[in-house]
Amino acid sequence: MKFTHNIIIAAVLFSCSMDVKAQVPDEVVEEGKVMMVDSTFSLPESSLSDEYLASLDSVMQAYEQQKKINEAAEAISKFQKIRLENEQKFHLKGTVPLLRGLMFSWTEHDFVSQPSVFEKKDNFHKWGDYAVGGLPLAATWVMKAAGVKSRSKMERMLMANAMSLAISCGTSEILKQTVKETRPDATDDHAFPSGHTTLAFASASILSREYGHLSPWVTIGAFSTATGTQMLRMQHNRHWVNDLYMGAGIGMVGTSLGYFLTDRILGEKYINQPELRLKDFNRLLKFNSQPTGVAFVAGTEVGKRTVDMGDARIKVGAAISVGADLAWHVSDFWSLELMTRAVEGQTKVFDSNCLYTGDNLRMVHIDAGTRWSVPVKLGERVGVRAFAGTRLMNEVSMHEVECMRIAVSASPCAAVYSIPSETKLECGASLTYECLDTDNYAWGFYFDYYHTFSDFFANRYNVSTVWKILF
């Protein structure tokens, strides 16, 4: 650009010098240089007037500005193409719950196989749970009908949604018919995996893929609804924890595969190009300086899981946890934080001669603390956190099932085993990892350790996936 500018200036000055030479006698010009000039000689005003130079400078500024605009447009176009290529790659986020489901299917086998009878709920909740799980999918098509710009145009969206749901729900149903795991309420043997959860996370993934670019609340709301479906299915005694994580993983991976196959078939046909926005750069700068915001978390809580009751034990399965953290950065590295977690697990009586009912253990953590975090590279932060607060726990009771004694001739069974409700102080520490996502939010993982000053389940560990919205 500077080279072109200099060429134009040189050409103008050269033409002006020709005018000058034309008015100078030959005897005063030697080898292209003026050797002597009469004191009355002056440059013609029409050649290098102030107005002429000013207009020339204005033209050159406009020329350079247009060149910058063209270069910026080319860079934006290249960035959008790279972003579209990344969008059309296979997404791996769904592998996290899928791996959890596989892991808990192994580690929770003894707990699941232990005989127990959980309460049967009224069947009306079945369709209500489907309604909650399918809400993100309904929202996707309501917005499409309203004309809101989505990732895919109508033809592509129909194909991607159909393939995603067919892969997800089809895989879930095949596993149900193959594995034949008994439900907690013993109504049938179609527990593994959770079909409701598969639909819920497939729906959430579809909504996030199509409209996650609009606002971080779209993705957060979608997966919060899906996580709520997991909690409802456990509360209704229809699934074990491994069923719920497998359902979530199948729904997310199935949707990723459905969109990936659609993208391979259609290429860039019927797809809307992603937009480069100034707020994306501002969000990146904020994340690497002071990422104040609210984080929604969903994960698993394990730890101390057994209570000795003398002639028997009460054992708790791996629990699902959901919650939210509020972080206020007082500097680039330090933040003050409020943390909440709601935990839902299942309990059974072990080592007894009789069959007992099962019950659900519920805990609520409410804590405040401080975190030190630092960017490790552009768009990624790691940190450590210390906190203290309180934990609330409900009463857990398991009753003997009189009509289904396992060994009638054995020693008498206790009528009820129970753990009382309690409210206790706790403290703990965390390791955190967060990275900036392309769809308006940050995501990552938290590993929290809780020590509660209690005789029951004192030491607990919580591993969570995080979605964070920056303020």
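To keep things clear, this report deals only with the structure shown in the data block. All values reported here derive from a predicted model rather than from experimental measurement.

## As for the overall build of the protein
Looking only at helices and strands, the protein has 10 helices and 14 strands in total. Within the protein, the fraction of its 471 residues that count as buried is 44%. In the protein, the proportion of contacts linking residues at least 24 apart, taken out of those at least 6 apart, comes to 76%. Roughly 23,000 Å² of accessible area belongs to the protein as shown, and the carbon and sulfur atoms make up 63% of that amount.

## Side note on the packing of helix H5 (residues 125-145) against helix H7 (residues 195-211)
Contact geometry for H5 and H7: axes closest at 9 Å, N-to-C directions at 15°. Regarding the angle of H5 to H7, the classification is roughly parallel. Note on packing geometry: the crossing formed by H5 with H7 is left-handed. Each of Lys126, Asp129, Tyr130, Gly133, Gly134, Pro136, Leu137, Ala139, Thr140, Met143 and Lys144 in H5 lies in contact with H7, whose residues at this interface are His196, Leu199, Ala200, Ser203, Ala204, Ile206, Leu207, Glu210 and Tyr211.

## A word on a nonpolar patch on the surface
Residues Trp328, Val330, Phe333, Trp334, Leu336, Trp372, Val384, Leu431, Phe447, Tyr461 and Val463 make up a contiguous nonpolar surface patch of about 1,000 Å² in total accessible area. Turning to its location among the elements, Trp328 is positioned in strand E6 (residues 319-329). What makes Trp328 exposed here is its relative accessible area of 52%.

## Overview of unusual backbone geometry
Cis geometry marks the peptide bond from Phe192 to Pro193, where omega comes out at -10°. On the secondary structure map, Pro193 appears in the loop between helix H6 (154-179) and H7. Even without glycine at this site, Ala186 takes up a positive phi of about 60°. Structurally, Ala186 can be placed in the loop between H6 and H7. Look at Ala186 and you get partly exposed, because its relative accessible area is 49%.

## Quick notes on the environment of Arg238
Secondary-structure assignment places Arg238 in the loop between helix H8 (216-235) and helix H9 (241-266). Measuring from C-alpha to C-alpha, the distance between Arg238 and Glu119 comes to 9.7 Å, with 119 residues separating the pair along the chain. Beyond its immediate sequence surroundings of up to four residues, Arg238 is in contact with His125, Arg183, Pro184, Asp185, Thr187, Asp188, Ala191 and Arg233.

## Notes on the packing of aromatic side chains
In this structure the tally under the stated criterion is 13 aromatic pairs. Seen from their ring centres, Phe111 and Trp240 are 6.3 Å apart, and the 90° between their planes marks the pair as edge-to-face. Placement of the pair is Phe111 in helix H4 (residues 109-113) and Trp240 in the loop between H8 and H9, with a sequence separation of 129 residues. Take Phe111 and Trp240: they sit in the same class, and that class is buried. A connected cluster of aromatic rings, assembled from ring pairs, spans Phe111, Phe118, Trp240 and Phe350. The lysine or arginine in question, Arg385, covers the ring of Tyr446, its NZ or CZ lying 4.9 Å from the ring centre.

## Let's talk about the side chain of Asn161
Tracing the sequence through the fold places Asn161 in helix H6. If sequence neighbours within four positions are ignored, Asn161 has contacts with Leu137, Trp141, Ile206 and Tyr259.

## Describing the packing of H7 against H8
Orientation of H7 relative to H8, taken along the N-to-C sense of each, is 180°, at an axis distance of 8 Å. In terms of axis orientation, H7 runs roughly antiparallel to H8. Between H7, through His196, Thr197, Ala200, Phe201, Ala204, Ser205, Leu207, Ser208 and Tyr211, and H8, the contact on the second element is made entirely by Val218, Thr219, Ala222, Phe223, Ala226, Thr227, Thr229, Gln230 and Arg233. Looking at the contact of H7 with H8 residue by residue, the classes come out as nine nonpolar, eight polar and one charged.

So, how was this worked out
Residues numbered from 1 in each chain as written. Predicted model: local features only at pLDDT ≥ 70, side-chain atom pairs only at ≥ 80, totals over all residues. Heavy atoms only, no water. Helix = DSSP H or I, 4+ residues; strand = E, 2+ residues; numbered from the N terminus. Buried < 20%, exposed > 50% of the residue type's maximum accessible area, 1.4 Å probe, protein only. Contact = heavy atoms within 4.5 Å. Areas by Shrake-Rupley, 256 points an atom, 1.4 Å probe, with all protein chains shown as cover. Axes fitted to C-alpha atoms, helices over the stretch in contact; angles between N-to-C directions. Parallel < 35°, antiparallel > 145°, perpendicular 65-115°, else oblique. Left-handed = near helix turned anticlockwise from the far one by under 90°. Patch = residues over 30% accessible without salt bridge, like charges linked within 9 Å, V, L, I, M, F, W, Y side chains within 5 Å. Salt bridge = Lys/Arg side-chain N within 4 Å of Asp/Glu carboxyl O. Phe/Tyr/Trp six-rings, centres within 6.5 Å; stacked < 30°, edge-to-face > 60°. Lys NZ or Arg CZ within 6 Å of the ring centre and 35° of its normal. Nonpolar A, V, L, I, M, F, W, Y, C, P; charged D, E, K, R; others polar.

Note that every value here comes from positions in space, so none of it alone points to a role or purpose.
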